[in-house]
Amino acid sequence: MAERCAIVGIGQTHHRKVRDDVSLAGLLREAGQRALDDAEMTWRDIDAVVIGTAPDSFEGVMMPELYLADALGCAGKPIMRVHTAGSVGGSTAIVAAHLVQSGVRKRVLTIAFEKQSEGDTTWGLSGGRSGGVGAGGYFAPHIRAYISRSGAPEYVGWMVAVKDRLNALKNPYAHLKVPDITLEMVRDSPMVWEPVRRLESCPASDGACAMVLTDEAGGDRSPHKPAWIHGTAIRSELGQFPGRDPVNPKGGQDCAADVFKQAGITDPRREVDVIEMYVPFSWYEPMWLENLGFAEQGGGWKLTEDGVTEIGGDLPVNCSGGVLSSNPIGASGMLRFAEAAMQVRGQAGEHQVDGARTALGHAYGGASQFFAMWIVRDTKP
Amino acid sequence: MELLYRRSLGPVVGAFLTGLRDQHVLASRTGAGRVICPPLEYDPESGDAVSDLVEVASSGAVTGWTWVSEPLRKHPFDHPFAWVLVQLDGADTSMLHALDASDMAAVSTGMRVQIRWAEERTGHITDIACFEPEALA
């Protein structure tokens, strides 16, 4: 089989609306340094760097990998940049993992980032024109279709928002914290894109996430308990084609089936202990639970309603507070992957799920057309 | 066309630009003692953060140049001028800027030049209006 790959260092920034205390490079360095500290390594110990971020138009820094090479200690080393829209943080981690699993590199640093405060994301998404509908406007009809198909009660979306916001209070790095959050507050918050209310939506954040990945020998030497990668999968599909179901995209189904197969998981609902999935608008929790095979069609919302996805439930989802609480877009996917690894390393602090041994990290992007997932465990594959 | 971007510069480039407002030129000194101007936040050789800021002179020597006999609309002058690499006294690296010289014969590698400061300075790179031949003492 391929070389085993261990996650031996994880770091993230304190995500905020504006991080004007640091340059773009300084933001990446902050996450990178924390990951290196966790791995007890220095920048010099790294063989290659893989970075990822959303479209350049978000920050207006063209090809940031050029400017960042020096800042990330890449003189004389390979650096590469990945881009797959919102899923990029996940696919960046997977590219880094493949460099190790292929035997090409031994110690790879991967960093994903976004500094949303430096630009205007909606403007960037609409190709430099104002008046774009933004991500929420694009996804709202899909959410409405899901509610219509599944017959889910309206309050399920509010429940996801309350859960993730309560979880964020346990995460020192989370951006948006609403200590007194209640269902009524979510219900009464302004309708932004019908049926999505303001408190059911993600914030715009500045932030970065980093991980140090090593080969098996590096994992064996790791000063702190490593997480081991048991499966990685990426799928893509066109954003629009006749017969496409954007509510339950085939790319997401296939990606999940692939990653579970690699990890030897036949009953994900029973075998996965904790999930970090990309939920930028509350309804994506039940939607993705169905898309990934954790619930039957039309049944995802019942898991949320029954409290199964709470930290104390038997399939906790987004214990970190998720994208609903911190959304440095390019980093958001990697945060899911990293938080999954933190759970199996027992490193998640107050939002740790007791006894988590198998975790799924999930990201999606574009018009629900890019998917990236990994399964990590506390044991070797 | 709209431009909606803003930049946060961090502690090194931010200090450099703030210094220009007060006619001070700051450089970053790496762990190996190399003085980089304009300053970089991270040592390009080691990757280490560079937090040691030192002031260099506002005059220095031309290390390379090219003459522009027919300026374009976006150039800093509407008369012929030189693009120059200037190594300010105290720095180990050169910065690219425009030199306001009377004619090509007045420009040479090694010639002494000094900053001509903008009259109104705002902590922006344009606080350095251009370079000019160093005044004779």
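Look above for the structure.
Just so it is clear, the model here is predicted, and its values are computed rather than measured.

Cut-offs used in this document
- Residues numbered from 1 in each chain as written.
- Chains lettered and ligands numbered in written order.
- Predicted model: local features only at pLDDT ≥ 70, side-chain atom pairs only at ≥ 80, totals over all residues.
- Helix = DSSP H or I, 4+ residues; strand = E, 2+ residues; numbered from the N terminus.
- Rg over C-alpha atoms; globule rule 2.2 N^0.38 Å.
- Buried ≥ 20, exposed ≤ 12 C-beta atoms within 10 Å, placed from the backbone.
- Pairing = 2+ DSSP bridges.

Okay, the overall build of chain B next. Counting its secondary structure elements, chain B contains one helix and eight strands. Overall, chain B shows an N-to-C arrangement of helices and strands of α-β-β-β-β-β-β-β-β. In terms of overall dimensions, chain B is globule-like: its C-alpha atoms have a radius of gyration of 16 Å, near the 14 Å expected for 137 residues. With the principal axes as the frame, chain B shows a C-alpha extent of 40 × 40 × 25 Å. Buried residues in chain B amount to 27% of all 137 residues.

What follows is about the sheet that holds strand E2 (residues 35-36) of chain B. Residue and element names in this part refer to chain B. One open sheet holds the three strands; their spatial order is E2-E1-E3, and the pairing between them is antiparallel. In the strand order of this sheet, the two ends are held by E2 and strand E3 (52-56), each with one partner. Where strand E1 (residues 25-29) and E2 come together, two bridges link them in antiparallel fashion. Among the inter-strand pairings, Arg29 is bridged to a residue of E2, identified as Val35.

Two strands pair when backbone bridges link them, and strand E5 (residues 81-88) of chain B and strand E6 (residues 95-99) of chain B are joined in this way by five bridges, in the antiparallel orientation. Across the sheet, residue Trp83 of chain B finds its bridge partner in E6 of chain B, namely Ala98 of chain B.

Our next topic: unusual backbone geometry. Across the junction of Glu194 of chain A and Pro195 of chain A, the peptide omega takes the value 5°, indicating a cis bond. Relative to the helices and strands, Pro195 of chain A resides in the loop between strand E5 (191-193) and strand E6 (196-197). Note the cis peptide between Cys37 of chain B and Pro38 of chain B, where omega equals 0°. Relative to the elements of secondary structure, Pro38 of chain B occurs in the loop between E2 and E3.

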